[in-house]
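Spelled out, the chains give:
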Amino acid sequence: MLKYIARRLLVMIPTLFAISLASFFIIQLPPGDFLTTYAAGMGAQDNIIAREQLAVLEERYGLDEPFHVQYWRWISNIVCCGDFGQSFEWNQPVSSLIWDRLTLTMLLAVVSTLFTWLVAFLIGTYSAVRQYSLGDYFWTFIGFIGLATPNFLLALVLMYISFRYFGQSVGGLFSPEYQNAPWSLGKAWDLFQHLWIPVVIIATAGAASTIRIMRANLLDELHRPYTTTARAKGMQEWRLIAKYPLRLALNPFISTVGWTIPTLVSGEIIVSVVLDLPTTGPLLLRALSSQDMYLAGSFLMMLGVLTLIGTLLSDILLAWLDPRIQYEKAGRR
Amino acid sequence: MTTLSSTNRWSLLLALISACALLAAACSPGTGDDSAGALPDEEEAGDDAIAEGQSQAPELAEMVDNGELPPLEERLPDEPLVVDVVDRIGVYGGTWRRAESEVTELEVTERRHIGYERLFNWTPEWEGGKETTPNVATDVEVNDEGTEFTFSLREGMRWSDGEPFTADDIVFAVEDYYFNDDLRAEADPRHLDSGGPPEVEAVDDHTVRFTFDQPHGLFLQGVAEWATQKLTALPRHYLEQFHADYNDDNLDELVEESGLSSWVDLFLDKSDAMRNPDLPVIYAWQVTQPFGEGNDVVFERNPYYWKVDPEGNQLPYIDEHVVRLVEESEVIKLDAMNGELDFQRSVGDPADRALIMENAEQGDYRTVTMEPDHMNTMAIHLNQTTPDETKREIFQNKDFRIGLSHAIDRQEIIDVVYFGQGEPFQIAATSELFYNEELAKQYTEYDVDLANEYLDDAGYEMDEQGRRIGPDGEPISITVDYANDVNNSWTDALELVEGYWEEVGVDLELNGMSRSLHTERVRENGEHEATVWTGSGGLVPFMQTHWYFPSTAAADFASAWGDWYLNPDDPNAEEPPEGPRRQMELYDEILRTVDEDKQVELMRELLEILKDEFYSIGISTPPEGLGVVTNRMHNVPDHMYNSTSWPTPGPTNTIQYFIQE
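For every chain, the first residue of the written sequence is number 1, and numbering continues from 1 onward in sequence order. A letter from A marks each chain and a number from 1 marks each ligand, given out in the order of writing. Whole-chain, interface and lining totals are the exception, using all residues; otherwise, since this is a predicted model, local features are given only for residues with pLDDT of at least 70 and side-chain atom pairs are given and counted only at 80 or more. The basis for every side-chain value is the complete set of heavy atoms in the structure, and neither hydrogens nor water enter the calculation.

Q: Provide a residue-level description of the overall build of chain B, including the pertinent values.
A: Looking only at helices and strands, chain B features 25 helices and 22 strands. Here the globule rule is a power law, 2.2 Å times the number of residues to the power 0.38, and the radius of gyration is based on C-alpha atoms. On C-alpha atoms alone, chain B measures out to a radius of gyration of 28 Å, which is about the 26 Å that the 2.2 N^0.38 rule sets for 661 residues. Based on the C-alpha atoms only, the size of chain B along its principal axes is roughly 95 × 90 × 55 Å. With a 1.4 Å probe rolled over the protein chains alone, any residue whose accessible area is under 20% of its type maximum counts as buried; one over 50% counts as exposed, and the rest are partly exposed. Here chain B holds 661 residues, and 59% of them are scored as buried. Working definition: helices are DSSP H or I runs of at least four residues, strands are E runs of at least two. Numbering for both runs from the N terminus.

So this is what it looks like as structure tokens:
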């Protein structure tokens, strides 16, 4: 097991290198750079920036240098000193910008994953055990609606309802009075009160597929001979299901852990933008559209790391929960 | 596997997950110690704090009583500036809440909302950008040639740390910021330059003299403009320690400590009133929770502020200014309609107008109108110096441009795209001082026959397929490179124009692109055949001239002529014909003129030539914008300009706004 983990960790290094190179390259693909975007933004307000001025700024930001020089400066600073560089747009070190948001993103990810699991577990089990019953159809239908409705639409509907009928905005993760307050029990409770809306919205999308997988897996197990045998021996039905088939059907829950973070960040950008959540998605979107390359690059980098760690974690958990899974390839001895 | 061990595994798994969450929380530096403690304290905004008969905010009076602050007389200058109130004398207290969705808009809170404090300010009325009013300076003497400006500064005025504000601070700003080799690009000294950097001299503590090589007739206006903010914002006594010319001892260590890459970065960071709470300012409010820490930026009252209301009460009335950075402009709209933003200068676009007005009662707010300083929704510029020789010949043909102008059904565009708001308009000044009916309305009449007549006269006959043939024997086709992410309306309007022009035999190809690509292609290289942009400078033709004559490379109707005006030796530059050259001479003369009335006269003459030249094809006047003010906020004028030249709402004196439930 330890050997397995060590090998996986070693493989991560070239993967990370590839991720960093690719993300830095992609950020540079669109025409222009941060300064042209900046100049264009100023131009939109009819504040024209002189060409000489742009040239000097270009030099200051190092944007006039070739790709490999820029990349090297960025990556060597990260590796040697943990310095992610400076965000052009915010005029701040990147690291001071991303941690807060990464924390809230992680929190949102963990809570909505747990919520998705809970919903999917209950509905999936029910609809497998009571296959083709009215309840099966009903819950499956609900699940599919969740899958088919775009998340941002759901967010907008919820926002409209709370604006129209409760006269308050649902945006953000904190009430104004807690916005800048230090952490306290009150603030945590306030966060919880705001958190359920994005959690429900994000979970509705994820739950449907997990429900289906759960249902299908459980159905497979339910018709296995060992189930029939156990039943013939007079084992109580619910105890029987919970003891064997259910546990085997749980694999997809664990194996998706690794994907949760990247899906949340890329897939929920629109939800976060609509709901005004201070998570990573909107900041990443903003960084990309203003071509704030060190910020965007570092973000993609962090997400890459999180994804790799998530995948590793889910693999380890999976192997640990399900003894049938082997660490080594079968053929290798 | 036993039941026991499996339960253990599950609880372990759960523990692992929660540990992850905790770990993530612990990794975050900002969460544990966000102790700015600057909660919007709305209870305090009650009306027990009537300013009448008082002379300073109750909190400040208390601090004076406790000996934490010198008495008011010692804090105010000898002659504090008396500011007129819009409606009535206000009360102290309260929080002005605002929101922004763009980082760049949030950053300019300094010059727009809390600190429009120049030597001379634009007047609240802003009549054509002719006049400015004393502010930090009490008076100015100008010599007859317009080369020497001697400002008298307000005696006894202080920075927010209690240090005196002196002529030396201005000298520092000019010599060591605006014209410092390393800082210059960031500083943007365009209004301080007239034939080179000025010579600045501190005659005594309260007198500062600018001497220019060449006359600088628009200097006082330039001082009030957007780009000149830092002239009165750099406290020498504090900032010298971050400047390479003054600190040989430990600057490197300071840079190292800050984690920034150079002293330039450090200096810019330390001199940024949005980011550095230690920076002494002369603004009414000083930042206490800087930009980048949390979602809000919070400003609090400066006890040394140097203006009073007509009854002698120290301003500002409002305790606190809080700006929240939100992810999207839709959120601002929603918050404003909930009455959660006390004064937001621009909410929604023309399509939202009805919605915002309808909700006013429910949201307990009122709306104020924002008159745009630009004069056109969309001006079509055919680049008369485009690289293609044939196109160039066609575009330089005035009859061709007139024909195309008559072919456009402007009323339909206004009705369909701009919700019926606005009137047909060419490139022309909207300010009363310079309004010229003929210039504004010429060739705006929709008349296809007339259009065809002009196009025939231009010499481009139609072939049997109804296409007009250019001098090279090919059908005329114009590609318009436009930025499709600046606003939502240009694509719609251009599609209509495409239809109108097809009717008169001219093909229009729409080439939408991101505005950064547009900047590179059009503004930097001048490679475009045609483009569109709004028309700025409607209210201040003096300061924003590039649509009236090719004064910079941003004059999209003839980029190379603009280059020529800036620098005849520029590789892109081309010498313009007589008309534009005469305009350039007139503008140069304005710069040499000190007399305001003479300047106005010269500007009118310049605009008269624009009428003959007819460079660009305008569509319509822009719709008025809407600002939202909660009913607890007072003294906000019902009407103001929306501009960058006149950094809205700064010149309306935000210091006399007040909050009373």
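So much for the structure itself; the text now carries on.
Q: Go over the overall build of chain A with me, naming the residues and quoting the values.
A: Helices and strands together make up the secondary structure of chain A, namely 17 helices and two strands. Counting only residues that meet the buried cut, chain A has 48% of its 333 residues in that class. We call two residues in contact when some of their heavy atoms are within 4.5 Å. Looking at chain A alone, contacts between residues at least 24 apart form 74% of all its contacts between residues at least 6 apart. Methods summary: accessible areas were calculated by the Shrake-Rupley approach with a probe of 1.4 Å, and residue burial reflects only the protein chains presented. Within the structure as shown, chain A displays about 16300 Å² of accessible surface, and the carbon and sulfur contribution to it stands at 70%.

Q: Kindly report on the sheet that holds strand E10 (residues 296–301) of chain B, identifying the contributing residues and their values.
A: All names here are of chain B. Note on pairing: two strands pair once DSSP finds at least 2 bridges between them. A sheet is described by the order of its strands in space; here four strands give the open sequence E2-E12-E10-E9, paired in mixed fashion. The open sheet has two edge strands with one neighbour each: strand E2 (95–100) and strand E9 (285–289). The average angle at which neighbouring strand axes cross in this sheet is 25 degrees, direction not considered. Fitted lines through C-alpha atoms give the axes, limited to the stretch in contact for helices. The angle between two N-to-C directions lies from 0 to 180 degrees.

Q: Please set out the packing of helix H5 (residues 94–129) of chain A against helix H17 (residues 293–321) of chain A residue by residue, giving values where relevant.
A: Residues and elements named next belong to chain A. Their axes nearest at 11 Å, the elements H5 and H17 cross at an angle of 40 degrees. Of the possible angle classes, the one that applies to H5 and H17 is oblique. Taken as a pair, H5 and H17 cross one another with a handedness that is right-handed. Residue-level contacts link Val 94, Leu 97, Ile 98, Trp 99, Leu 102 and Met 106 of H5 to Tyr 294, Leu 295, Ser 298, Phe 299, Met 302 and Leu 306 of H17. Angular relationships are summarised with four words: roughly parallel below 35 degrees, roughly antiparallel beyond 145, roughly perpendicular across 65 to 115, and oblique for the angles in between. Should the near helix be turned anticlockwise from the far one by less than a right angle, the crossing is left-handed, and should it be turned clockwise, the crossing is right-handed.

Q: Lay out the pattern of salt bridges in plain terms, naming residues and giving numbers.
A: Between Lys or Arg on one side and Asp or Glu on the other, a salt bridge is scored when a side-chain nitrogen of the former is within 4 Å of a carboxyl oxygen of the latter. What the rule picks out here adds up to 44 salt bridges over all chains. Ionic pairing is found between Glu 327 of chain B and Arg 101 of chain A, a salt bridge with its closest N-O pair at 3.3 Å. Residue Glu 327 of chain B is located in the loop between strand E12 (320–325) and helix H13 (329–337), and its partner Arg 101 of chain A is located in helix H5; the two belong to separate chains. Residue Glu 327 of chain B is classed as buried on the basis of its relative accessible area of 10%. Between Arg 582 of chain B and Glu 585 of chain B there is a salt bridge, and its shortest N-O distance comes to 3.3 Å. Of the two residues, Arg 582 of chain B and Glu 585 of chain B are both situated in helix H24 (residues 578–592); the distance of three residues between them amounts to about one turn of the helix. For Glu 585 of chain B, a relative accessible area of 42% puts it in the partly exposed group. Salt bridges sharing common partners tie together Arg 97, Asp 342, Arg 632 and Glu 661 of chain B.

Q: An account of the sheet that holds strand E14 (residues 365–372) of chain B is requested, with residue identities and associated values reported.
A: Residue and element names in this part refer to chain B. Read across the open sheet, the four strands follow the order E13-E19-E14-E21; overall the sheet is mixed. The sheet is open, and its two edges are formed by strand E13 (343–344) and strand E21 (639–642), each paired on a single side. As defined by bridge partners, E14 adjoins strand E19 (residues 625–630) across six bridges and the pair is classed as antiparallel. Across the sheet, residue Arg 366 finds its bridge partner in E19, namely Val 629.

Q: Talk me through a negative patch on the surface; I want residue IDs and the actual numbers.
A: Each patch is assembled from residues with relative accessible area greater than 30% and no salt bridge, linking like charges that lie within 9 Å and nonpolar side chains (Val, Leu, Ile, Met, Phe, Trp, Tyr) that lie within 5 Å. Note on charges: Lys and Arg go in the positive column, Asp and Glu in the negative column, and His and the chain ends are not counted at all. Each charge is placed at NZ for Lys, CZ for Arg, CG for Asp and CD for Glu. A surface patch of like charges, here negative, comprises Asp 181, Asp 182, Asp 245, Asp 248, Asp 249, Asp 252, Glu 253, Glu 256 and Glu 257 of chain B. Residue placement: Asp 245 of chain B occurs in the loop between helix H10 (236–239) and helix H11 (251–258).

Q: An account of the domain arrangement of chain B is requested, with residue identities and associated values reported.
A: Residue and element names in this part refer to chain B. Domain boundaries assigned for chain B yield domain 1 (40–111 + 272–374 + 624–661), domain 2 (118–232) and domain 3 (376–613). Where each domain starts and ends comes from a domain assignment, either automatic or drawn from a database. The gap between the C-alpha centroids of domain 1 and domain 3 is 39 Å. With twelve residues of domain 1 in contact, the opposing surface of domain 3 contributes 13 residues. Here the quantity called buried area is the total loss of accessible area, with a 1.4 Å probe, experienced by two parts when brought into contact, counted for both. Buried area between domain 1 and domain 3, summed over both chains or domains, comes out near 870 Å², and the portion from carbon and sulfur atoms is 55%. Along the contact surface separating domain 1 from domain 3 lie zero salt bridges. Polar contacts, as used here, are pairs of N or O atoms within 3.5 Å; protein pairs need one atom able to donate a hydrogen and one able to accept it. Residues neighboring in sequence count only if both atoms are side-chain atoms. Across the contact surface, domain 1 and domain 3 share two residue pairs in polar contact (both at pLDDT 80 or more). Considered class by class, the residues forming the side of domain 1 that touches domain 3 number four nonpolar, three polar and five charged. Gly falls in the polar group here, along with every residue not listed as nonpolar (Ala, Val, Leu, Ile, Met, Phe, Trp, Tyr, Cys, Pro) or charged (Asp, Glu, Lys, Arg).

Q: Describe the packing of aromatic side chains, with residues and values.
A: Here a pair means two rings of Phe, Tyr or Trp (six-membered ring of Trp) with centres within 6.5 Å. Their orientation is stacked below 30 degrees between planes, edge-to-face above 60, and tilted elsewhere. Applying the stated criterion to the full structure yields 47 aromatic pairs over all chains. Linked through ring pairs, Phe 24, Phe 25, Phe 34, Phe 67, Tyr 71, Trp 74, Phe 88 and Tyr 294 of chain A together constitute an aromatic cluster. Above the face of the Trp 226 of chain B ring, Arg 111 of chain B is positioned so that its terminal group lies 5.0 Å from the ring centre. Here the basic side chain of Arg 523 of chain B rests over the ring of Trp 533 of chain B, its NZ or CZ set 4.5 Å away from the ring centre. Any Lys NZ or Arg CZ found within 6 Å of a ring centre and within 35 degrees of that ring's normal is scored as a charge over the ring.

Q: Go over the UniProt feature "domain: Solute-binding protein family" (unreviewed entry) in chain B, please, and point to the residues and values.
A: UniProt positions are given in the numbering used here, feature names are shortened, and annotations may be inferred rather than shown by experiment. With numbering aligned to this structure, UniProt lists the feature "domain: Solute-binding protein family" (unreviewed entry) at residues 132–541 of chain B. End C-alpha to end C-alpha, residues 132–541 of chain B measures 15 Å, and it is 31% helix and 20% strand.

Q: Help me get a handle on unusual backbone geometry, residues and values and all.
A: All names here are of chain B. Here the amide bond leading from Leu 315 into Pro 316 is cis, since omega sits at -5 degrees, within 30 degrees of zero. You can see Pro 316 is positioned in the loop between strand E11 (307–308) and E12. Cis peptide bonds are those with omega within 30 degrees of zero, and the linkage from Thr 648 to Pro 649 qualifies with -5 degrees. Looking at where Pro 649 falls in the secondary structure, it is placed in the loop between E21 and strand E22 (658–659). Non-glycine residue Asn 635 carries a positive phi angle of around 70 degrees. By the element assignment, Asn 635 lies in the loop between strand E20 (633–634) and E21. For Asn 635, a relative accessible area of 3% puts it in the buried group.

Q: An account of the pairing of E9 of chain B is requested, with residue identities and associated values reported.
A: All names here are of chain B. With respect to burial, E9 is a largely interior element, four of its five residues being buried. Of the strand pairs in this sheet, E9 and E10 are connected by four bridges, and their pairing is antiparallel. Paired with Val 287 across the bridge in E10 is Phe 299. The hairpin formed by E9 and E10 contains six residues between the paired strands, and Gly 292 there has a positive phi angle of roughly 105 degrees.

Q: Could you give me a rundown of the side chain of Asn 436 of chain B, with the residues and numbers involved?
A: Residue and element names in this part refer to chain B. For Asn 436, the location among the structural elements is in the loop between helix H18 (410–417) and helix H19 (437–441). Given the relative accessible area of 16%, Asn 436 is considered buried. Ignoring sequence-local partners within four residues, the contact set of Asn 436 consists of Glu 608 and Lys 611.

Q: Lay out a nonpolar patch on the surface in plain terms, naming residues and giving numbers.
A: Residues and elements named next belong to chain A. Judged by side-chain polarity, Phe 152, Leu 153, Leu 156, Val 157, Tyr 160, Ile 161, Tyr 165 and Ile 270 come together as a nonpolar surface patch covering roughly 760 Å² of accessible area. The element contributing the most residues to the nonpolar patch is helix H7 (residues 151–166), with seven residues. Relative to the helices and strands, Tyr 160 is located in helix H7.

Q: Which residues make up the UniProt feature "transmembrane region" (unreviewed entry) in chain A, and what values do they have?
A: Residues and elements named next belong to chain A. Per the UniProt record, the feature "transmembrane region" (unreviewed entry) sits at residues 9–29, 104–126, 138–163, 195–214, 248–275 and 295–321. Here residues 104–126 runs as 100% helix and 0% strand, with 33 Å between its end C-alpha atoms. Helix makes up 92% of residues 138–163 and strand 0%. Its end C-alpha atoms lie 30 Å apart.

Q: Let's hear about the pairing of E14 of chain B: which residues, and what values?
A: Relative to E21 of chain B, E14 of chain B runs parallel, the two sharing four bridges. The residue of E21 of chain B that forms the bridge with Thr 369 of chain B is His 639 of chain B.

Q: Please set out the confidence of the model for chain A residue by residue, giving values where relevant.
A: Summarising the model, chain A shows a mean pLDDT of 80, and 90% of its residues fall at 70 or more. Per-residue confidence from the predictor is given as pLDDT, running between 0 and 100. When the elements of chain A are averaged for pLDDT, helix H14 (residues 257–267) of chain A gives the smallest value, 68, and helix H10 (residues 225–232) of chain A the largest, 88.

Q: Break down the environment of Thr 369 of chain B for me, citing the residues and quoting the values.
A: Residue and element names in this part refer to chain B. As for its position among the elements, Thr 369 is in strand E14. Beyond its immediate sequence surroundings of up to four residues, Thr 369 is in contact with Glu 624, Gly 625, Asp 638, His 639 and Met 640. In this structure the side chain of Thr 369 is engaged in a polar contact, spanning 3.2 Å, whose partner is the side chain of His 639.

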